[in-house]
Amino acid sequence: MVSAAGRPAQPRVTADRELCIGAAQCAFAAPAVFDQDDDGYVVVLDGDPGSGEWEAAQEAADLCPAQAILLADGADGADGADGMVGMDAG
Ligand code: SF4
């Protein structure tokens, strides 16, 4: 998958389902980014969330007792908005 901006489809939010213990902290902290499957294990809904959800994803990663949530911050030094949250309406 490639974003509308043509960036490579490398998700910034991933989760290691082998580490996940189904504690659901992620889905509560960032319900737009994480969900759980029928067995209670994490499912990433949005691997490249906008800045608002990115903060929630960071909180989820902090809360996860299994440290199963992996966040890859952008390497371009940008503020992370990625034009997805209306910060640049031009
Ligand atoms: S908080 Fe961690 S252990 Fe709990 S469901 Fe989410 S990824 Fe799995």
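Our subject is the structure listed above.
Residues numbered from 1 in each chain as written. Predicted model: local features only at pLDDT ≥ 70, side-chain atom pairs only at ≥ 80, totals over all residues.

K.L.:
Is there a simple way to explain the overall build of the protein in this structure?
P.N.:
What the protein contains, in helices and strands, is two helices and four strands. Looking at the protein as a whole, 23% of its 90 residues qualify as buried. (Helix = DSSP H or I, 4+ residues; strand = E, 2+ residues; numbered from the N terminus. Buried ≥ 20, exposed ≤ 12 C-beta atoms within 10 Å, placed from the backbone.)

K.L.:
In this structure, what is going on with unusual backbone geometry? I would like to understand it.
P.N.:
Glycine aside, residues mostly have negative phi, and peptide bonds are mostly found in the trans state. For alanine 24, which is not glycine, the phi torsion reads 70° and is therefore positive. Relative to the assigned elements, alanine 24 resides in the loop between β1 (13–15) and α1 (25–29). Here alanine 24 falls in the partly exposed class, since 17 other C-beta atoms lie within 10 Å of it. One non-glycine residue with positive phi stands out, namely glutamine 67, at about 50°. Inspection of the secondary structure puts glutamine 67 in the loop between α2 (51–63) and β4 (69–71).

K.L.:
Mind showing me how you'd approach the site of the ligand here?
P.N.:
Residues in contact with the ligand amount to 16 residues; listed here are only the nearest, Cys20, Ala23, Cys26, Val42 and Cys64. Those elements giving two or more residues to the shell around the ligand turn out to be α1 and β2 (34–36). Tallied by class, the residues present in the shell around the ligand amount to 13 nonpolar, three polar and no charged. (Near = placed C-beta within 6 Å. Nonpolar A, V, L, I, M, F, W, Y, C, P; charged D, E, K, R; others polar.)

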